[in-house]
Amino acid sequence: MLALECARAIALAGKDYTLGCVFVEKEPAHARALEALAKDYPAVDVSVIAGDFWAVTEQVAGIVRGDPYLLMIDPYGIKDLDLAKLAKLAKASSRCDLVVTFVESAVPRLETQYKEAIAQAIGERDPSERSAAETFSRNMAVAGRFLPGGRYAIKQNFDAAKSYELIVFSRSAHAYELWNDFMTKETAKLKQGKWLRTNAVTSRLPEFEEAFGEAEAVDEPQEASVQIMDWARASSGLRFTREQMIHHFVVNCFTCHHTSTWKTALSHLEGSGEVRRLHVGKPIDKDKWEITR
């Protein structure tokens, strides 16, 4: 329904593009419910496919026909996942973003008895990899021609064990930036909830919320500044654009910091004289910075 609402809003706004929806549902009753729901959105191009997802990937690829698309996969456990078919479907368009719900908790228990199914789901294991999610992320990036997968642990609270992961894949660093900023906001909410439960007195709640925000504002740019300097020193020539810096960190340090934090950190480094801007113009992201110390 959320996807259909978004698609209808775009259609009614008279944009120069449309958003179509393709739903695949194995359970007949659920498929019929989706078909009934789709009738409430006559302005939206909707396809409801009844059947097993892995049996209809070619049909889905035919509907996409190379258009930009967001492919969201929510398999029922690790065994209901096929890396090769998913990579092939992702390559149905050069402009595909992929989001996979990855439940790893059952892998150690299943791996002995269902080796072939696990191999089909995540691909070949590397002994150095610490988790099935790490293996899947690496293999999908290669097979689907994506940038490295961005992994985000879904938790009930900040200190809780992860329930599962969302793994994001794209061929554009800009997509990682959008997902990164949304997810870091969610992490900040969990972190603030923990901090308030530990420290807050009900009558002074606003003061504690303000103190938490001030502490975050100081600490995070300092951490990001160190990471920027370490990266810049290790990179060739000690020169970089702001765009290169942001793209590197949102892809390779996914959900480590909000994009605004990386920008603030770079401004602090420039203000302290540790880096200098070699060219001032527009767009600022294309400007070059150089390490001076």
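Here, the structure is the one placed above.
To start, this report covers the structure provided alongside it. Bear in mind that the values here come from a model prediction, so they are computed numbers and not experimental data.

## Quick look at the layout of surface pockets
Of the pockets and cavities examined, the largest pocket occupies roughly 1900 Å³. Contributing elements (two or more residues each) for the lining of the largest pocket: α1 (2–12), β1 (21–25), α2 (28–38), α3 (57–64), β3 (69–73) and β4 (96–102). With six residues, α1 is the largest single contributor of residues to the lining of the largest pocket.

## Here's the deal with the pattern of salt bridges
Within the structure shown, the criterion is met by 14 salt bridges. A salt bridge links Glu270 to Arg277, with the nearest nitrogen and oxygen atoms 3.5 Å apart. For Arg277, a relative accessible area of 25% translates into the label partly exposed. Between Arg276 and Glu290 there is a salt bridge, with the nearest N and O atoms lying 2.8 Å from each other. Of this pair, Arg276 sits in strand β8 (residues 275–277) while Glu290 sits in strand β9 (residues 288–291), and the two are 14 residues apart along the sequence. Take Glu290: its relative accessible area is 14%, and that puts it in the buried class. Salt bridges linked by common partners bring Glu104, Arg151, Lys162 and Glu165 together as one network.

## Observations regarding helix α7 (residues 132–143)
In a regular helix each residue adds 1.5 Å, so twelve residues correspond to 16 Å; α7 covers 16 Å between its end C-alpha atoms and thus fits that length. Along α7, the residues that are buried comprise Ala132, Ala133, Thr135, Phe136, Ser137, Asn139, Met140 and Ala141. Looking at the residues trailing α7, positive phi occurs at Arg145, about 60°.

## Observations regarding the nonpolar core
In terms of nonpolar packing, the biggest core is built from 33 residues, with Ile78, Leu86, Leu98, Phe102, Phe136 and Met140 touching the most fellow members. Those elements that provide at least two residues to this core are α3, β3, α4 (83–90), β4, α5 (107–111), α6 (115–122), α7 and β6 (164–169). Considering each element in turn, this core owes the most residues, five residues, to α4. Counting residues in each nonpolar core, the second largest holds 27 residues, with Tyr176, Met183, Phe240 and Ala265 among its members.

## Some details on the sheet that holds β3
Taken together, the four strands give an open sheet; going across it, the order is β3-β4-β6-β5, and neighbouring strands pair in mixed fashion. Strands at the two margins of the open sheet, each flanked by one partner only, are β3 and β5 (150–154). Taken pair by pair, the neighbouring strands of this sheet meet at an average axis angle of 15°, ignoring direction. The sheet contacts of α7 involve β4, β5 and β6, and relative to β6 the element is tilted by about 15°.

## Overview of the sheet that holds β9
Ordered in space as β7-β9-β8, the three strands form an open sheet in which the pairing is antiparallel. Only two strands of the sheet have a single partner each, and these edge strands are β7 (239–241) and β8. Strand-to-strand twist of the sheet, defined as the mean angle between neighbouring strand axes without regard to direction, takes the value 30°. In this sheet, β9 lies alongside β8 in antiparallel orientation, the contact comprising three bridges. The residue of β9 that forms the bridge with Arg276 is Glu290. Contacting β7 and β9, helix α10 (residues 242–252) runs over the sheet at an angle of about 80° to β7. Most of the contacts of helix α11 (residues 259–271) go to β8, to which it runs at about 95°, and overall it touches β7, β8 and β9.

Thresholds applied
Residues numbered from 1 in each chain as written. Predicted model: local features only at pLDDT ≥ 70, side-chain atom pairs only at ≥ 80, totals over all residues. Heavy atoms only, no water. 1 Å grid on protein atoms, 1.4 Å probe; cavity = no way out; pocket = protein on both sides within 12 Å on 5 of 7 lines; lining within 4 Å. Points joined across faces, edges and corners; volume = space filled by probe spheres on them. Helix = DSSP H or I, 4+ residues; strand = E, 2+ residues; numbered from the N terminus. Salt bridge = Lys/Arg side-chain N within 4 Å of Asp/Glu carboxyl O. Buried < 20%, exposed > 50% of the residue type's maximum accessible area, 1.4 Å probe, protein only. Expected span 1.5 Å × (residues − 1). Core = buried A, V, L, I, M, F, W, Y, C linked by side-chain atoms within 4.5 Å. Pairing = 2+ DSSP bridges. Axes fitted to C-alpha atoms, helices over the stretch in contact; angles between N-to-C directions. Contact = heavy atoms within 4.5 Å.

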